[in-house]
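Residue-level structure breakdown
The primary structure of each chain is shown beneath.
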Amino acid sequence: MLNGSDLYALDITSASFVQACGGPCSEGCVALARIGADAWALGDSKRPDLTPLRFTTEELSIAGIDPARFGLAN
């Protein structure tokens, strides 16, 4: 398992982000991309200028974020 600081060493320039909306598409959209075997980048689709945050699969699970809701496999 990666530790949190190693996640930010991963290059995400070619990451493919997928959006999932929590309501109407003008509200609460987030974008998720797999960036490694146990690593994910989570961004705000309304603020694409901000650097996406990075999480392990375990951290996403604890936060209640399921990649399957984005059409992504764990």
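Residues numbered from 1 in each chain as written. Predicted model: local features only at pLDDT ≥ 70, side-chain atom pairs only at ≥ 80, totals over all residues. Heavy atoms only, no water.

1. Notes on the overall build of the protein
Along its length, the protein carries two helices and four strands. Ordered by position from N to C terminus, the α and β elements of the protein give α-β-β-β-β-α. Looking at the protein residue by residue over its 74 residues, the buried ones come to 27%. Long-range contacts, defined as pairs at least 24 residues apart, comprise 39% of the intrachain contacts of the protein with a sequence gap of at least 6. For the protein, the accessible surface area stands at approximately 4700 Å², while carbon and sulfur atoms represent 55% of it. (Helix = DSSP H or I, 4+ residues; strand = E, 2+ residues; numbered from the N terminus. Buried < 20%, exposed > 50% of the residue type's maximum accessible area, 1.4 Å probe, protein only. Contact = heavy atoms within 4.5 Å. Areas by Shrake-Rupley, 256 points an atom, 1.4 Å probe, with all protein chains shown as cover.)

2. A closer look at the pairing of strand β3 (residues 39-44)
For β3, the tally of buried residues reaches five of six residues, placing the bulk of the element in the interior. Pairing geometry for strand β2 (residues 29-36) and β3, over six bridges, is antiparallel. Pairing of L32 across the sheet is with L42, part of β3. The antiparallel hairpin formed by β2 and β3 contains two residues in its connecting segment. When β3 meets strand β4 (residues 53-56), the two strands line up antiparallel, connected through four bridges. By the bridge assignment for β4, W40 is matched with F55. (Pairing = 2+ DSSP bridges.)

3. With respect to the environment of R69
Within the secondary structure layout, R69 lies in the segment after α2 (57-62). Taking the C-alpha atoms as reference points, R69 and L32, separated by 37 residues in sequence, lie 10.0 Å from one another.

4. Concerning the pattern of salt bridges
Applying the stated rule across the entire model yields one salt bridge. Between D49 and R47 there is a salt bridge; the shortest N-O distance is 3.4 Å. (Salt bridge = Lys/Arg side-chain N within 4 Å of Asp/Glu carboxyl O.)

5. What about the nonpolar core?
Core analysis: the biggest nonpolar cluster contains seven residues, these being A20, L32, W40, L42, L60, F70 and L72. Residues I12, I35, A39 and A41 belong to the second largest nonpolar core, which totals five residues. (Core = buried A, V, L, I, M, F, W, Y, C linked by side-chain atoms within 4.5 Å.)

6. Considerations on the side chain of R54
Along the chain, the position of R54 falls in strand β4. Here R54 is buried and forms no salt bridge, its nearest opposite-charge partner D11 lying at an N-O distance of 6.7 Å. Polar side-chain contacts of R54 include one of 2.8 Å to the backbone oxygen of L7. Contacts of R54, omitting those with residues within four sequence positions, involve L7, Y8, A9, L10, I12, I35, W40, A41 and E59. (Lys, Arg positive; Asp, Glu negative; His and termini not counted. Polar contact = N/O pair within 3.5 Å; in protein donor to acceptor, adjacent residues only side chain to side chain.)

Remember, this is a structural readout, not a statement about activity or role.
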